[in-house]
Each structure stands twice: as structure tokens, then as C-alpha cells.
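Next come the chains, spelled out residue by residue.
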Amino acid sequence: MNCSKRSPRRSIDKDLLDRLMEGRSPGDLFGKNGILSELTKALAERALNTEMTLHLDEECADGAPDEGNLPPNRRNGRSQKTVTTESGKVVLDIPRDRNGTFDPMLIAKYQRRFPEFDRKIISMYARGMTTREIQGHIEEIYGVEASPSLISAITDAVMEEVAAWQNRPLEPCYPIVFMDAIRVNIRSDGAVSNKAVFVALAILPDGTRDILGLWFQENEGAKFWAKVLSDLRNRGVQDILIAVVDGLKGFPQAIEAVFPRTRIQTCIVHLLRHSMSFASYKDRKAVATALKAIYTAVDASEAEAALGRFEESDLARQYPAIAPSWRRAWNEVIPFLDYPPEVRRLIYTTNAIEALNAKIRRAVRTRGHFPSDEAAAKLIYLALNATSSEWKRSVSEWYAVRCQLAIMFDDRFPMA
């Protein structure tokens, strides 16, 4: 790339700034009728006049319009429009043309807010602020009245983007997919119910992460999971190598029907936490040490032997619910033992998606309930977007994990 020619950097005239600020208070600069508002008005009007000049020049180059024998277009005065900006309301003089064909890009004919103003509202909404809180914040900071209905209308405009995201085409194969759920209160048929919002976080062949979608359901089961997995397949997913879940009811049967070659791995950490809930505080360290011998075993046979030793121990007799919980999940535990250490470290927990869910919970915490699934999806989508830089980055040690998965799954593993 040739870097010898660079556009000159335009520096701000500091003397001019000093003259503008001389003898003025912060309110004079940034207040409702301060210099910042005046500068915004001046710059916007200059941009609009430049747009008008370009518009007239283009029409002149194209020739006069034939329809109605209209004369050549020209300027035709100005009209005033009150526009909401980041610094408050500004009255702009909008140039008009004689033929009425001018539609400025900076602020369109029927637009009353600068795009940055809308983005600020969406950003506040994504961080969990309610419409009433946003209304108060905007009025206090910018001196602008924004009704709850206006704020709802601005955020509702995101719904088309949410629908497009939820139905976008997906990759043919994902090496690893984590699935988990959070609970939100949603009003339906006049009653508030506690619904599960299931989130699928996938690791792509290049090690980066992506959220495949959101699904709402009051009660999970094989029928619901069949719907979710069919949705993934209809959007282009042909194969999932490893699905890491936390004891999702009906999931094994559903994934066997849709993606029969997928290996299901239960979250070992969740299984350990479940086991610890049965043990008294003074015995938890001993129980954790005994169970560690199971999930750090070299292979399934050694893990089986370690579980057998635990079942015969005094700890198992003292806490009889622990060993059966491992036996019930055994078919989803032992696949973990086939993997090398690099892969085990990545899939033994659903912490990656739990961290994501924690951010979603912070955003929905201020809501008593949502009026619909769509309203909840809107906020969750915006909250995910606000933290996308965190969950999209590549997982650690991915090169080693990718090499191991490529060996284990042979031709099924997609190259990045």
C-alpha cells in the first residue's frame, strides 16, 4: 500500500476555541441555547446548502424535466424545521427548491431527529434503562421532552433488524455449540408467566464465537428442542460436532433425530454444583476431591472405577443423592473423557454462555415483566449487540483445540 500521499490533517484552531470560550460558563457553551447548539445549527445548515447545490447541479447536468414543461429547477427560499439533536432541539432553515425534488440526506423530509439521537436512546435501552428512565435522562441532560411512546417507537424500529438476525443463514457446520437458558417474565393472555429464553452460543471453525438465535418457551421438552434444532437446520446448519448443555430435558432425543452424529456433553461444572448442594459445608472439599477423580480420569473405564469407589465410600453413604445424579447423566458425561486436555478445558463447563447470560440478566433486571416475547427479544438483542466485542472474540488455545478436533472428527471438521 502506498502511504506516501496522505490527506492533510485538519487541526482545530485553538485560538478560535479560546475566543469562543472566553468569559463563558459551561452553561453558555453546552446549555440549551449554548454555543454548541449554535455550531450544530450552523454546520447542519451549511451541509444542507451544499446538498442543495449538488442537487441542482445534477439536475442541470441531466437536463430540464419533460413532464409538465417544468422550468429549470432553482432555489426557492427556506422553511424552518425543529430537529432534535444530541445537544437539544435546534431550529434549522431547510433550503427549498422550486420543483420540490430536493430530499436532503442529512435530515430527510419527514425526519425530526438526527440519527445519533436515536442511537443514544437505543444504547440506553440496551443497558437496561426503562422508557421512563430514558425520558427523564434525556430531559435532564438535553432539555428535550421525549415521550415514552416516542422512545418505544425508536426502539421498536429495531424489530426488523431482530427478525432479520433471527432468520439469517448460518454456517453448514459448527465445531462446538453451547446451549443454556435464562428466565424472564412475559405477559400473555392477561397473565404473567415465567418463560425460558434459550440462547445458543457457537464456536466457529476460526475460533470466533457467534450467537445463533433466541427461542422462547415456558416448558422445555423434546418437542420444543426438535423445533429449535429444525430451525437451525432450516437456516443452513448441517452438522454440529459437540453440543454442550446443562441437563436440558428432551434435548438428547431431539438432537439425535435432527443431528444424529452430534456428541452431547453435559456441563461437568453444573453437575459438580448440583452434587455440592447435597453436601454440608465442612464436607464439600472432600466431596469435590473425590468427584475430581471421575472427570479427570484417563478414560471412561477409569472414570467408572472412580465412581464405583465413591459409591462405596462413607461420603456417598452420608450423601446418597450424589452418586445417582452422576449415574443418571453418565451417558452425557463419558464423551468428555474421550477428548484430550485442550478440548476438555473448553467444553467441561458452559461458563462461556453463562457469562453472556449474566449480561442479559443485568439488562432485564429493571423490568418487572415484558408485554410480549417480541419486547423481550428486542431488549436481549440490543444487550447482546452492546457487548458483542466481548463474546465475539476468539477462544483461547483455539489452535490446539482445532488440531485435536480435526483429528477426532476427520472429514466432518470444517476448515476455517
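Starting from 1, residues in each chain are numbered consecutively following that chain's sequence as written. Per-residue local features are limited, in this predicted model, to residues with pLDDT of at least 70; the limit for side-chain atom pairs, both in listing and counting, is 80 or more; totals at the level of whole chains, interfaces and linings are taken over all residues. By convention in this description, side-chain values take in all heavy atoms of the structure and omit both hydrogens and water.

Enquirer: Just checking my understanding: could you explain the overall build of the chain for this structure?
Expert: Of the regular secondary structure elements, the chain holds 20 helices and seven strands. Buried, partly exposed and exposed residues are distinguished by accessible area as a fraction of the type maximum, computed with a 1.4 Å probe on protein chains only: under 20%, between the cut-offs, and over 50%, respectively. Counting the 416 residues in the chain, one finds 43% classified as buried. Total accessible area computed for the chain in this model is approximately 23,200 Å², and 51% of it derives from carbon and sulfur atoms. Helix and strand labels come from DSSP, where a helix needs a run of H or I of at least four residues and a strand needs a run of E of at least two; each type is numbered from the N terminus. For the area figures, the Shrake-Rupley method with a 1.4 Å probe applies, and any residue is considered shielded solely by the protein chains shown.

Enquirer: Even after reading the chapter, I still don't get the packing of helix α8 (residues 222-234) against helix α9 (residues 251-258), so can you show me in this structure?
Expert: In a packed pair of helices, the relevant descriptors are the angle between the two axes and the axis-to-axis distance. Angular values range over 0 to 180 degrees, each being the angle between N-to-C directions of two axes fitted as lines to C-alpha atoms, with helices fitted over their stretch in contact. Between α8 and α9, whose axes approach to 8 Å, the crossing angle comes to 35°. The hand of the α8/α9 crossing is right-handed. Taken together, the residues of α9 that come into contact with α8 (itself represented by Ala222, Trp225, Ala226, Leu229, Ser230 and Arg233) are Phe251, Ala254, Ile255 and Val258. By definition, turning the near helix anticlockwise from the far helix through less than a right angle yields a left-handed crossing, and turning it clockwise yields a right-handed one. Any pair of residues with heavy atoms lying within 4.5 Å of one another is described as a contacting pair.

Enquirer: What is the right way to read the nonpolar core from this model?
Expert: As a rule of thumb, soluble globular proteins bury nonpolar side chains together. Grouped together as the largest cluster of nonpolar side chains are 75 residues, with contacts concentrated most on Ile176, Ile242, Leu291, Trp326, Ile347, Leu384 and Leu405. When residues in this core are grouped by element, the largest group, eight residues, is from helix α18 (residues 373-386). When sequence neighbours within four positions are dropped, the list of residues in contact with Ile347 reads Ile176, Phe178, Ile242, Val244, Gln265, Phe336 and Tyr339. With 27 residues, the next largest nonpolar core counts Met179, Ala200, Val228 and Leu248 among its residues. By nonpolar core is meant a set of buried Ala, Val, Leu, Ile, Met, Phe, Trp, Tyr and Cys residues that side-chain atoms within 4.5 Å join together.

Enquirer: Before we go on, may I ask you to explain the packing of aromatic side chains in this structure?
Expert: Geometrically, a pair of aromatic rings is defined through the distance of the ring centres and the angle of the planes. Any two rings among Phe, Tyr and Trp, with Trp reduced to its six-membered ring, count as a pair given centres within 6.5 Å; such a pair is stacked if its planes are under 30 degrees apart, edge-to-face if over 60, and tilted if neither. Scanning the model with the defined rule gives five aromatic pairs in all. Taking the centre distance of 5.4 Å and the plane angle of 55° together, the rings of Trp165 and Tyr381 count as tilted. Here Tyr381 lies in helix α18 and Trp165 lies in helix α7 (residues 159-166), a separation of 216 residues in the sequence. Comparing Trp165 with Tyr381, the two get one shared label, buried. Grouping aromatic residues by their ring pairs yields a cluster made of Phe198, Phe224, Trp225 and Phe251.

Enquirer: What's the story with the confidence of the model for the chain in this structure? I'm lost.
Expert: Any residue range with low pLDDT should be treated as having predicted coordinates unsuitable for detailed reading. The predictor attaches a confidence to each residue, called pLDDT, with possible values from 0 through 100. Residues at a pLDDT of 70 or more form 79% of the chain, whose mean pLDDT is 78. The least confident element of the chain, judged by mean pLDDT, is helix α2 (residues 26-30) at 49; the most confident is helix α13 (residues 314-318) at 92.

Enquirer: Just checking my understanding: could you explain helix α17 (residues 351-364) for this structure?
Expert: Residues that lie three or four places apart on an α-helix share one face, since the helix turns once every 3.6 residues. Expected helix span is given by 1.5 Å per residue-to-residue step, counting one fewer step than there are residues. Over its 14 residues, α17 runs 20 Å from end to end, which matches the ideal 20 Å to within 8%, given 1.5 Å per residue. All of the buried residues along α17 are Ile353, Glu354, Leu356, Asn357, Ile360, Ala363 and Val364. Taken down its axis, α17 places every buried residue within 165° of arc, on the same side. In this description, one arc is meant: the one made by directions from the helix axis to the C-beta atoms.

Enquirer: I tried to follow the pattern of salt bridges on my own but got confused; where do I start?
Expert: Oppositely charged side chains may form a pair once their charged atoms are brought near each other. In the sections that follow, a salt bridge refers to a side-chain nitrogen of Lys or Arg positioned within 4 Å of a carboxyl oxygen of Asp or Glu. Throughout the structure, instances matching the rule amount to ten salt bridges. Note that Arg168 is salt-bridged to Asp210, the shortest N-O span being 3.1 Å. With Arg168 in the loop between α7 and β3 (173-188) and Asp210 in strand β5 (residues 209-217), this residue pair connects regions lying 42 residues apart in the sequence. With its nearest N and O atoms 2.8 Å apart, the salt bridge here joins Arg412 to Asp239. Within this pair, whereas Arg412 is found in the segment after α20 (398-409), its partner Asp239 is found in strand β6 (residues 239-245), the two being separated by 173 residues in sequence. Asp239 carries the same exposure label as Arg412, and that label is buried. Look at the salt bridges and you will find they share partners, linking Glu304, Glu311 and Arg327 into a network.

Enquirer: Could you clarify how one ought to interpret the side chain of Arg168 in this entry?
Expert: Looking at Arg168, the relative accessible area reads 17%, which means it is buried. Whenever a nitrogen or oxygen atom comes within 3.5 Å of another N or O atom, the pair is scored as a polar contact, on the condition that within protein one atom can donate a hydrogen and the other can accept it, and that pairs from neighbouring residues in sequence are kept only if both atoms are in side chains. Side-chain polar atoms of Arg168 contact the side chain of Asp210, separated by 3.1 Å. Excluding its chain neighbours within four sequence positions, the residues that come into contact with Arg168 are Asp210, Ile211, Leu212 and Arg235.

Enquirer: Explain the packing of helix α10 (residues 268-276) against helix α11 (residues 284-295) here, please?
Expert: The N-to-C vectors of α10 and α11 enclose an angle of 145°; their axes lie 10 Å apart at closest approach. When the axes of α10 and α11 are compared, the crossing they make is right-handed. From α10, Ile268, Leu272, Ser275 and Met276 reach across to α11, where they touch Arg284, Val287, Ala288, Leu291 and Tyr295. Residue classes follow a fixed rule: Ala, Val, Leu, Ile, Met, Phe, Trp, Tyr, Cys and Pro count as nonpolar, while Asp, Glu, Lys and Arg count as charged, and any other residue, Gly among them, counts as polar. Taken together, the residues of the contact of α10 with α11 sort by class into seven nonpolar, one polar and one charged.

Enquirer: It is not clear to me how the pairing of β6 should be interpreted in this structure. Could you clarify?
Expert: Residues in a regular strand project their side chains so that they alternate between the two faces of the sheet. Of all seven residues that make up β6, seven are buried, and the element is covered over most of its length. Across five bridges, the pairing between β3 and β6 is parallel. Opposite Cys173, over in β6, you have Asp239 as the bridge partner. One bridge is not enough; two strands pair if DSSP finds at least two bridges between them. One ladder, built from four bridges, connects β6 with strand β7 (residues 263-266); its direction is parallel.

Enquirer: Is there a simple way to think about the sheet that holds β7 in this case?
Expert: The pairing of strands in a sheet happens through backbone hydrogen bonds and is either parallel or antiparallel. An order of β5-β4-β3-β6-β7 is seen for the five strands of this open sheet, with the pairing classed as mixed. In this open sheet, the two strands that pair with only one neighbour each are β5 and β7. Neighbour to neighbour, the strand axes of the sheet diverge by 25° on average, direction disregarded. As judged from the eight bridges shared by strand β4 (residues 191-203) and β5, these two strands associate in the antiparallel manner. Each residue of the ladder has a partner; that of Leu201, found in β5, is Ile211. Running over the sheet, α18 touches β3, β4 and β5 and is turned about 160° from β5.

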